[in-house]
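Chain by chain, the residues:
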Amino acid sequence: MGSCKSPYVVLLLYVLVFFVYQSFAFGVDTNQTAKLLVDASEASGRPISETMFGIFFEEFNNAGAGGLWAELVSNRGFEAGGPNVPSNIDPWSIIGNESSLIVSTDRSSCFDRNKVALRMEVLCDSQGANSCPDDGVGIYNPGFWGMNIEKGKTYSVVLYVRSSGSINVSVSLTGSDGLQKLAAANIIASGSEVSNWKKFKVMLEAQGTNPNSRLQLTTTRKGFIWFDQVSVMPLDTYKGHGFRKDLVQLLEDLKPQFMRFPGGCFVEGAWLRNAFRWKETIGPWEERPGHFGDVWMYWTDDGLGYFEFLQLAEDLGTLPIWVFNNGISHNDQVDTASVLPFVQEALDGLEFARGNPNSTWGSLRAAMGHPEPFDLRYVGIGNEDCGKKNYLGNYLKFYSAIKRAYPDIKIISNCDGSSQKLDHPADLFDFHFYTDDAKIMSSMAHQFDHTSRSGPKAFVSEYAVTTGSLLAALGEAGFLIGLEKNSDVVEMASYAPLFSNDRRANFAAIVFNSSHLYGTPSYWVQCLFNESSGATIFNATLKTNSSTDQVEQLLASAISWKNSENENSYLRIKIVNLGTNIVNLKIVVDGLEPNSINLSESTKTVLTSTNVMDENSLNEPKKVIPNRSLLEKAGEDGEDVEVVISPNSFTSIDFLIESS
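What counts and what doesn't
Residues numbered from 1 in each chain as written. Predicted model: local features only at pLDDT ≥ 70, side-chain atom pairs only at ≥ 80, totals over all residues. Heavy atoms only, no water. UniProt positions renumbered as here; feature names shortened; annotations may be inferred. 1 Å grid on protein atoms, 1.4 Å probe; cavity = no way out; pocket = protein on both sides within 12 Å on 5 of 7 lines; lining within 4 Å. Points joined across faces, edges and corners; volume = space filled by probe spheres on them. Nonpolar A, V, L, I, M, F, W, Y, C, P; charged D, E, K, R; others polar. Helix = DSSP H or I, 4+ residues; strand = E, 2+ residues; numbered from the N terminus. Buried < 20%, exposed > 50% of the residue type's maximum accessible area, 1.4 Å probe, protein only. Polar contact = N/O pair within 3.5 Å; in protein donor to acceptor, adjacent residues only side chain to side chain. Contact = heavy atoms within 4.5 Å. Pairing = 2+ DSSP bridges. Right-handed = clockwise from strand over helix to strand, strands pointing away.

Where an unreviewed UniProt entry is consulted, the protein appears under the name non-reducing end alpha-L-arabinofuranosidase, with the organism given as Prunus persica. Of the protein, the UniProt comment under Catalytic activity (unreviewed entry) reads exactly: "Hydrolysis of terminal non-reducing alpha-L-arabinofuranoside residues in alpha-L-arabinosides."

Asks: Sorry, what's going on with empty space enclosed by the protein here?
Replies: One way to see where empty space is left: roll a probe the size of a water molecule over the atoms. Under the criterion given, the structure shown has five cavities of 30 Å³ or more. Estimated volume of the largest cavity: approximately 110 Å³. Along its surface, the largest cavity is lined by 15 residues, and Phe53, Gly54, Leu254, Ala493 and Gln526 are the ones closest to its centre. When its residues are assigned to classes, the lining of the largest cavity shows nine nonpolar, five polar and one charged. Of the voids in this model, the second largest cavity is the one considered here, and its volume is about 80 Å³. Pro262, Val267, Phe276, Arg277, Trp278, Trp322, Val323, Phe324, Asn325, Phe342, Glu345 and Ala346 together form the lining of the second largest cavity. For the lining of the second largest cavity, the elements supplying multiple residues, two or more each, are strand 18 (319-324) and helix 5 (340-354). Its residues assigned to classes, the lining of the second largest cavity comprises nine nonpolar, one polar and two charged.

Asks: What should I look at first to understand the side chain of Asn530 in this one?
Replies: Within the secondary structure layout, Asn530 lies in the loop between helix 10 (521-527) and strand 27 (536-544). Judged by relative accessible area, Asn530 falls into the buried class, the value being 12%. A distance of 3.1 Å separates a polar side-chain atom of Asn530 from the backbone oxygen of Asp253. Leave out the neighbours within four places in its chain, and Asn530 touches Asp253, Leu254 and Lys255.

Asks: I would appreciate a short explanation of the pairing of strand 23 (residues 490-493) in the present structure.
Replies: Side-chain direction in a regular strand flips from residue to residue, so the side chains alternate between the two faces of the sheet. As paired elements, strand 22 (residues 457-465) and strand 23 share three bridges and run parallel to each other. Across the sheet, the residue bridging to Ala458 is Val490, located in strand 23. The parallel pair strand 22 and strand 23 is bridged by helix 9 (residues 470-485), and the resulting crossover is right-handed.

Okay, structure coming up:
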């Protein structure tokens, strides 16, 4: 081809030389310099609420059904198709064909609140001209996009059976096509034993592993068999209380100070008939009717009910915040003059949680295995209902009744008091904010700068940038720094949504499938704020030589906190850089004893990536995670430190403080 350069290459070289010349001639610098002045004196410090950061659980994107709640069977009572028969039994499916069996539903269950049962007419037999296949015919359930069965682990299978004659039913855990046999046992009973409904419990130890398994109920014996309330639960759950251990571990790592539950829109329902009603979710799991969550459009058996939420909060060592329906859904509402039954339901719910074990509802809690009261101190009256016609009237009915019976309980209003004072009594006001723009979220750091300091405090119970990327997390980190700085008026904050099944969405703090999970960048941001609850925040002022736009892309805060494990004290500096430039940051700390910062044992944790739109996934669960290291070489002055802040990053620096 010869040695001559392409004209395009010559042009490129010319542009490059011109850019380099301009850079030297006019002082263009891709680095930004800034100074952070921290007043760490005792006079500067302000306490952050002990309950500042927590979690919010909503039954959304199969967060509970098929997620946090370890039940492996989907639609275990065959109720998801509604009370009419024939009813849709999805996701149950048939093993066999029309010549070998007919599967239908009827209302013959022994459970009054969920009457639908599955009826299986087996047409083939164990021998003769119309013999069944060797493996039998029957039904199978794939769970929630596959059951995770692990070798060596034991699974408790419970089912209710009735038959017109003797039975020999194979209960097995298999691969998704039924060929791989992981565990199996037979239920054999005479006709007299199963002429009425009978409960059977089978313990299956898995001989293999398959994250996409299913439960099979099969037989080779002709006749009629009815099944109802079929459950598969792993024995190995969090503290033995039925929660999926790996998901709860990620919650533990957040060190949440509270847990808001069970919603969200799930509490309201699109219609009141489908709202979450706590009395329908307690007692033996077989007797819970379940309900269709018509906001998020899927069925839940309510195995994860009011009692289980209270239990989980206790297991996590955090405070429960119960949100209940106030007679308002998305599409219908109860007049204030008729709302007293809803008020009584809330009072009964408080008695269930807090009443002595001899009280009407406290005795039911005790019967469920928890005689001691739960530590319920907060309630939310409705969700996002402010402005609806009957909300204020209904709210005041609930407020006065609850305060009379439980004067210590803090009551949360749905109305936003961040810009103007509320016109009704409340201990806290609820604030929600979602956006798909990270910079808008970061700008919300100033939302509470001018909020009245004499009114109810803010509970920021739902916030998120709805994309799941690193950029989203950085916008949220900027917002949280603003909440820290306004912690005299912001008492609580929680991200939403907490969980999502991978088949639903990746917009959540934690995403999972049947066997694996990962924290999104938003989850890791929350981890870097988990020491802020109960910490002390100091005045921290950023100064930069750059434009106003660049200043707004840089946010910082300074807190002191103590490590409960080793009793070490730290000064934590958090910096969000939403800009595309490196920032050379000089940190100047005043108000400490001379030489009290031990730089050699101080650390720097950075959340960043090569692309600001990077996300984590089941295939790359750690693509965007914090990277912790010892602090690089600092400046010469004892309390002045120079650090490099990467573009598009969230940096947390922990200075070890040693007292003289």
